[in-house]
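Commentary on secondary and tertiary structure
Each chain, written out:
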Amino acid sequence: MAHSTLLAFKAGRGFRREGTNFVDPSPTKGAILLRKEEDLLHLVWKNRATNEVEEDLILFPSDATFSKVSQGSGRVYVLKFSSSDQRHFFWMQDASSERDDEFVNNVNGFLMDPDYEASWGSSSQPEASTSTAGASSSSVPSNFQATPEQLAQLQQLLSSAVGAGAAAPSEMSLNDILTPANITPLFTSHPDLIPTLFPHLPPDLPMPPSPEVVQRIISSPQFRSSVSSFDQALRTGLLGGLVRGLGLPEEAGTGIEPFLRAIQRQADQEGEDSMDTD
Amino acid sequence: MSGDDDSNGWQLTESDPGVFSELLKTLGVPLIVDDLYSLDPDSLASLQPLHALIFLFKWVSTTSEGMSGNYDPEFPGFFAHQVVNNACATLAVLNALGNIPALKSGSQLTQLLEFTSGMDPQTRGLVVTSSDWLREAHNSLSPPSAISLDGLGLPKQTEEAYHFVVYLPFMGFVYELDGLKPHPIRHGSYHETGEGWLSRAREVIENRIATYSPEALDFSLLALRDDPLPSIQTELSDLQAAGRQAEAAELVVKLEGETSKRNRWNFENSLRRHNHVGLVHSLLVALAKAGRLEPAKESAKSIMKERISKAKMKGETMDES
């Protein structure tokens with residue numbers, strides 16, 4: 001797949017807190033890349049820890065703008081579309097804010113016109129925001145194509161990051177919440193809640209669902225091991241997509257605390273709606 | 001892009017008799033695997049007909065065990081090299097099954113064994129590992145990989161790799177089949193009378209265990225044996241028909257033991273195959289609706305604090321495992 005990277009800079013994503021105008025920055029280290037693929041402009045967000053592309057947006061000329069979010073002190077920007085309500089929030093992750101304006105201006109230039117000619121200041125490498133001092137700036141072409149040296153630098157920038165698995169330490173573990181001691185009292189105090197669990201039990205259990213079976217499952221090594229895996233995965237902050245399948249907002253997938261908060265809100269909401277749960 | 005680079009799509013499985021026995025069922029083989037707690041003659045006798053012993057241990061960088069027995073490069077039976085680490089359990093099972101005379105098996109396994117006959121161990125290992133149906137049978141006892149949270153760069157926190165070595169009789173000798181060694185190892189011969197090959201096997205295994213220091217090795221033994229259920233059931237109806245109530249009663253106890261063991265295996269296997277995320281979510285929602293989530297969080301936080309300070313006192317680091 002032939003593509004050229006027009007520019008790239010370190011950026012994280014932010015997610016709107018449900019029902020508010022607050023945007024919570026996700027700590028995951030990433031980068032925004034603007035790429036041209038077969039005449040289409042893409043804005044790509046790459047996770048620098050896993051090196052995976054997690055967001056790939058196609059941008060039609062003049063459809064989107066990249067603007068600073070004026071409230072708050074952070075270097076937060078929003079990608080807004082005129083063709084839809086989509087909003088994508090990003091925050092600058094380079095230690096220095098010196099070049100923020102330069103990058104943003106060039107991003108908007110490309111968003112207007114994919115054939116835009118980027119203009120870079122007289123200092124170091126134009127296409128990658130590194131904090132290291134620059135190489136020669138003498139023969140930087142104005143219609144920028146990355147040289148092999150610059151691409152190598154970009155590669156380094158994208159791969160040098162927190163190692164995989166270095167998740168934020170959590171002050172609590174899901175396994176300590178989902179204990180028989182915490183769950184079993186529900187059987188007597190809230191017996192109507194127990195059938196809500198049945199659709200989620202293994203479909204091929206050799207016995208019919210019942211509170212005893214639920215208790216046996218919660219105490220089993222297989223379940224506890226699943227909970228540990230899920231706990232660990234949550235702490236990487238990367239489960240935004242997965243939790244949407246549970247009816248939760250994307251930011252619920254950014255950590256244990258956001259996950260549990262979103263669950264409480266979901267439970268309160270369902271209580272208010274007073275609709276029968278599944 | 002998922003987990004292990006060299007896993008070739010083989011997922012790591014638990015080395016549990018229930019998992020093995022389910023695999024055997026899928027292969028159409030009327031055998032089961034049981035835990036073996038002792039090598040004494042009575043324990044082994046109760047498991048007859050017994051076809052192979054599987055010795056499994058957490059891999060330790062080898063204390064140089066002087067090798068007992070001799071390599072047999074001319075071994076005419078089935079021996080495959082372990083080519084993919086995650087496939088080690090299934091490979092050990094095949095190395096056993098491939099050498100059991102007159103074994104009843106499903107058509108896929110029969111064809112696989114026929115197809116690989118005459119191949120060298122390395123090629124056999126490659127053929128076995130690239131067998132799609134076998135890999136699917138192997139993987140069917142872990143959660144589906146799309147939702148096993150692979151690809152998130154998590155440190156592998158599943159079981160450390162166990163290594164499996166098979167001991168079985170073949171043409172008058174006790175053989176040791178180890179997929180990581182170049183050839184099968186021939187230990188001594190045995191008499192067909194009494195315990196037969198088992199007494200020789202016991203000697204070899206006990207000697208092996210004795211060479212490891214107690215702390216260095218975490219091991220277990222499994223027995224590959226005929227599934228006793230059909231014959232217990234037949235014998236029971238015969239005894240009952242003949243009015244031999246006392247013996248029938250004893251057999252009923254044995255039958256109940258076997259049946260409850262299978263129920264436990266089936267229960268555990270259904271948990272292994274299941275993606276529990278939905279259950280985790282609905283349990284937390286239930287707690288939240290009952291107003292119990294906040295207190296549970298608070299107690300979880302203090303448990304964690306205690307755990308961390310205990311670990312600090314012991315001088316450990318709190319790296320999750």
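Please read all numbers here as calculations on a predicted model, not as lab measurements.

Cut-offs applied
Residues numbered from 1 in each chain as written. Chains lettered and ligands numbered in written order. Predicted model: local features only at pLDDT ≥ 70, side-chain atom pairs only at ≥ 80, totals over all residues. Heavy atoms only, no water. Helix = DSSP H or I, 4+ residues; strand = E, 2+ residues; numbered from the N terminus. Buried < 20%, exposed > 50% of the residue type's maximum accessible area, 1.4 Å probe, protein only. Contact = heavy atoms within 4.5 Å. Areas by Shrake-Rupley, 256 points an atom, 1.4 Å probe, with all protein chains shown as cover. 1 Å grid on protein atoms, 1.4 Å probe; cavity = no way out; pocket = protein on both sides within 12 Å on 5 of 7 lines; lining within 4 Å. Points joined across faces, edges and corners; volume = space filled by probe spheres on them. Nonpolar A, V, L, I, M, F, W, Y, C, P; charged D, E, K, R; others polar. UniProt positions renumbered as here; feature names shortened; annotations may be inferred. Pairing = 2+ DSSP bridges. Axes fitted to C-alpha atoms, helices over the stretch in contact; angles between N-to-C directions. pLDDT = per-residue confidence, 0-100.

With respect to the overall build of chain A
Scanning chain A from terminus to terminus reveals 8 helices and 8 strands. By the burial criterion, 47% of the 278 residues in chain A qualify as buried. Within chain A, contacts between residues separated by at least 24 positions form 49% of all contacts whose residues are at least 6 apart in sequence. Per element, the accessible surface of chain A, about 13,400 Å² overall, is 51% carbon and sulfur.

Re the layout of surface pockets
Residues and elements named next belong to chain A. In this structure, the second largest pocket occupies an estimated 660 Å³ of space. Forming the walls of the second largest pocket are 25 residues, and the residues nearest its centre are Arg13, Phe15, Glu55, Arg244 and Glu250. Ranked by the residues each element gives to the lining of the second largest pocket, the list is headed by strand β1 (residues 3–16), at 4 residues. A breakdown of the residues in the lining of the second largest pocket according to their chemical character gives 6 nonpolar, 8 polar and 11 charged.

A closer look at the UniProt feature "active site" (unreviewed entry) in chain B
Residues and elements named next belong to chain B. Mapped onto the present numbering, the UniProt feature "active site" (unreviewed entry) falls at Cys88 and His163. Spatial clustering of the annotated residues is evident: they stretch over 76 residues in sequence, but the largest pairwise C-alpha distance comes to 7.0 Å. Along the chain, the position of Cys88 falls in helix α3 (residues 88–97). Take Cys88: its relative accessible area is 8%, and that puts it in the buried class. Residue contacts for Cys88: discarding those within four places in its chain leaves Gln82, Tyr162 and Phe164. For His163, the position within the fold is in strand β4 (residues 162–170). On the basis of relative accessibility, which here comes to 2%, the residue His163 falls in the buried class.

Description of the sheet that holds strand β1 (residues 31–36) of chain B
For sheets, the rule is that strands pair by backbone hydrogen bonds, running either parallel or antiparallel. All names here are of chain B. Spatially, β1-β7-β2-β4-β5-β6-β3 is the arrangement adopted by the 7 strands of the open sheet, whose pairing is antiparallel. In this open sheet, the two strands that pair with only one neighbour each are β1 and β3 (70–71). Pairing geometry for β4 and strand β5 (residues 173–177), over 5 bridges, is antiparallel. Bridge pairing in β5 places Pro169 opposite Val174. Along the sheet, helix α1 (residues 17–26) contacts β1, β4 and β7 (219–226); its crossing angle with β1, the most-contacted strand, is approximately 170°. In the packing of helix α9 (residues 245–273) onto the sheet, the strands contacted are β1 and β7, and the crossing angle to β1 comes to about 95°.

Section: the confidence of the model for chain A
The predicted coordinates ought not to be read in detail in places where the model reports low pLDDT. Residues and elements named next belong to chain A. Model confidence for chain A is summarised by a mean pLDDT of 78, while 76% of its residues fall at 70 or above. Between the elements of chain A, mean pLDDT differs from a low of 47, seen in helix α2 (residues 148–159), to a high of 95, seen in helix α3 (residues 174–177). In the predicted structure, residues 122–146 sits below a pLDDT of 50 and forms 51 contacts with residues beyond four places in sequence or in another chain. Between residues 154–167, whose pLDDT stays under 50, and residues either more than four places distant or in other chains, the model counts 26 contacts.

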